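Given next are the chains, with one letter for each unit.
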Amino acid sequence: MLEVGLMLARHCDLYVMQHGVEPYDGESLEQTISRSRCHKGRLLYYFPRQFSTQKEDGDSVSSWCGWHTDHGSLTGLTCGLFMKNSVEVPCPDSAAGLYIRTRDDRVVKVTFGEDELAYQIGETTEILSRGRLCATPHCVQAPSGANASNVERSTFAMFMQPDWNETLNFPSEIPYHQELIPPNGALTFGEYSERLVNKYYQGKT
Ligand SMILES: O=C(O)CCC(=O)C(=O)O
Ligand SMILES: [Fe+2]
């Protein structure tokens, strides 16, 4: 997944340069990802919907995981695996699964097979590419209907991100989290991540 992610990162760099951003002063996505030892692989597990404590989300598109963007560089994903009572089952509801919001504001269901990988752009890439690449808003919908009971979902996500100690030079114009960036625009990815976590969980900056 990392190997393919690096190939994609190379294309992202070319795209960004073609769109008028100079070779990033050593901040190429490919190089940043390739020298990082800070990627995170996570096996994600979504409980059957009837165990959800959130009642208000009903049948919404984000009933399993709310709309968000990932904060790293690139996220690699495998397709969701659905299980019922410990046995793999076909997805019982064609509306269930991962959704993204496109640049032109359409909500699109992401479909890909078990021998394929999907990649999403993270916020750090949006910021460092001066907005030429956009972080991918996404959410996950739980299955509904008679056959959805006891159905759980698992998938694997690899969050590719800069090294904790990598200094990132943030541009003066950034689309979000502006208040987290010091006047000289320089923060390590670790400092940036900690500021983000404080912002989300304690309302501190
Ligand atoms: O489960 C998925 O397909 C997406 C997971 C996700 O968005 C995340 O963990 O950040
Ligand atoms: Fe995500």
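What you see is a predicted model, and the numbers here were worked out from it, not measured in a lab.

Definitions and limits used
Residues numbered from 1 in each chain as written. Chains lettered and ligands numbered in written order. Predicted model: local features only at pLDDT ≥ 70, side-chain atom pairs only at ≥ 80, totals over all residues. Heavy atoms only, no water. Donors = N, O, S within 2.8 Å, 3.2 Å for Na, K, Ca; no water. Phe/Tyr/Trp six-rings, centres within 6.5 Å; stacked < 30°, edge-to-face > 60°. Buried < 20%, exposed > 50% of the residue type's maximum accessible area, 1.4 Å probe, protein only. Helix = DSSP H or I, 4+ residues; strand = E, 2+ residues; numbered from the N terminus. Core = buried A, V, L, I, M, F, W, Y, C linked by side-chain atoms within 4.5 Å. Contact = heavy atoms within 4.5 Å. Near = heavy atom within 4 Å. Polar contact = N/O pair within 3.5 Å; in protein donor to acceptor, adjacent residues only side chain to side chain. Areas by Shrake-Rupley, 256 points an atom, 1.4 Å probe, with all protein chains shown as cover. Nonpolar A, V, L, I, M, F, W, Y, C, P; charged D, E, K, R; others polar. 1 Å grid on protein atoms, 1.4 Å probe; cavity = no way out; pocket = protein on both sides within 12 Å on 5 of 7 lines; lining within 4 Å. Points joined across faces, edges and corners; volume = space filled by probe spheres on them. Patch = residues over 30% accessible without salt bridge, like charges linked within 9 Å, V, L, I, M, F, W, Y side chains within 5 Å. Salt bridge = Lys/Arg side-chain N within 4 Å of Asp/Glu carboxyl O. Lys, Arg positive; Asp, Glu negative; His and termini not counted. Charge placed at Lys NZ, Arg CZ, Asp CG, Glu CD.

## Let's talk about the coordination of the iron ion (ligand 2)
Point 1. Only H68 (NE2), D70 (OD) and H138 (NE2) from the protein reach the iron ion (ligand 2) as donors, at distances of 2.0 to 2.2 Å.
Point 2. Of note, the donors binding the iron ion (ligand 2) are all from one chain and are spaced H-x1-D-x67-H.

## A look at the packing of aromatic side chains
Point 1. By the definition in use, this model includes six aromatic pairs.
Point 2. Centroid distance Y45 to F47: 4.9 Å. Interplanar angle 80°. Geometry classified as edge-to-face.
Point 3. For F47, a relative accessible area of 54% gives the class exposed.
Point 4. Arranged with centres 6.5 Å apart and planes meeting at 45°, the rings of F189 and Y192 form a pair that is tilted. Note that F189 and Y192 are positioned in helix α4 (residues 189-202) at a spacing of three residues, about one turn of the helix.
Point 5. Connected via pairs of aromatic rings, a cluster forms that spans W164, F170, F189 and Y192.

## Some words on the nonpolar core
Point 1. One finds W64, L77, F112 and V140 to be the most contacted residues of the largest nonpolar core, which totals 13 residues.
Point 2. Sorting elements by how many residues they give to this core places strand β10 (residues 151-160) first, with three residues.
Point 3. Look past the residues within four positions of W64 in its chain and what remains in contact with it is Y46, F47, R49, F82, V140, Q141, A142, P143, V151, E152 and R153.

## Let's talk about the site of ligand 1
Point 1. Around ligand 1 sit L44, Y46, H68, D70, L98, H138, V140, R153, T155 and F159, and that is every residue in its neighbourhood.
Point 2. Taking H138, its side chain carries an N or O atom lying 2.9 Å from an oxygen atom of ligand 1.
Point 3. R153 places a side-chain nitrogen or oxygen 2.8 Å from an oxygen atom of ligand 1.
Point 4. Summarising the interface, the protein chains cover 91% of the accessible area of ligand 1, which totals 300 Å² for the free molecule.
Point 5. Secondary-structure elements contributing two or more residues to the shell around ligand 1 are β1 (40-46), β9 (138-141) and β10.
Point 6. Sorting elements by how many residues they give to the shell around ligand 1 places β10 first, with three residues.
Point 7. Here the residues of the shell around ligand 1 are counted per class, giving five nonpolar, three polar and two charged.

## Focus: the layout of surface pockets
Point 1. Taken as a whole, the largest pocket spans an internal volume of roughly 670 Å³.
Point 2. Residue lining of the largest pocket: 28 residues in total, with R42, H68, T69, D70 and F159 positioned closest to the centre.
Point 3. Elements that contribute at least two residues to the lining of the largest pocket include exactly β1, β2 (65-68), β3 (74-77), β9, β10 and α4.
Point 4. By residue class, the composition of the lining of the largest pocket is 13 nonpolar, 10 polar and five charged.

## Quick look at the environment of G76
Point 1. Relative to the elements of secondary structure, G76 occurs in strand β3.
Point 2. Owing to a relative accessible area of 0%, G76 belongs among the buried residues under this scheme.
Point 3. Along the backbone, G76 and Y119 are 43 residues apart, and their C-alpha atoms lie at a distance of 4.5 Å.

## Brief notes about a negative patch on the surface
Point 1. A surface patch of negative charge is lined by E88, E114, D115 and E116.
Point 2. Within the secondary structure, E114 sits in the loop between β7 (107-109) and β8 (118-121).

## Section: the side chain of D93
Point 1. Within the secondary structure, D93 sits in the loop between β5 (87-88) and β6 (97-101).
Point 2. A polar atom in the side chain of D93 sits 2.9 Å from the backbone nitrogen of A95.
Point 3. Those residues within four positions of D93 in sequence are excluded, and the remaining contacts are A142, P143 and S144.

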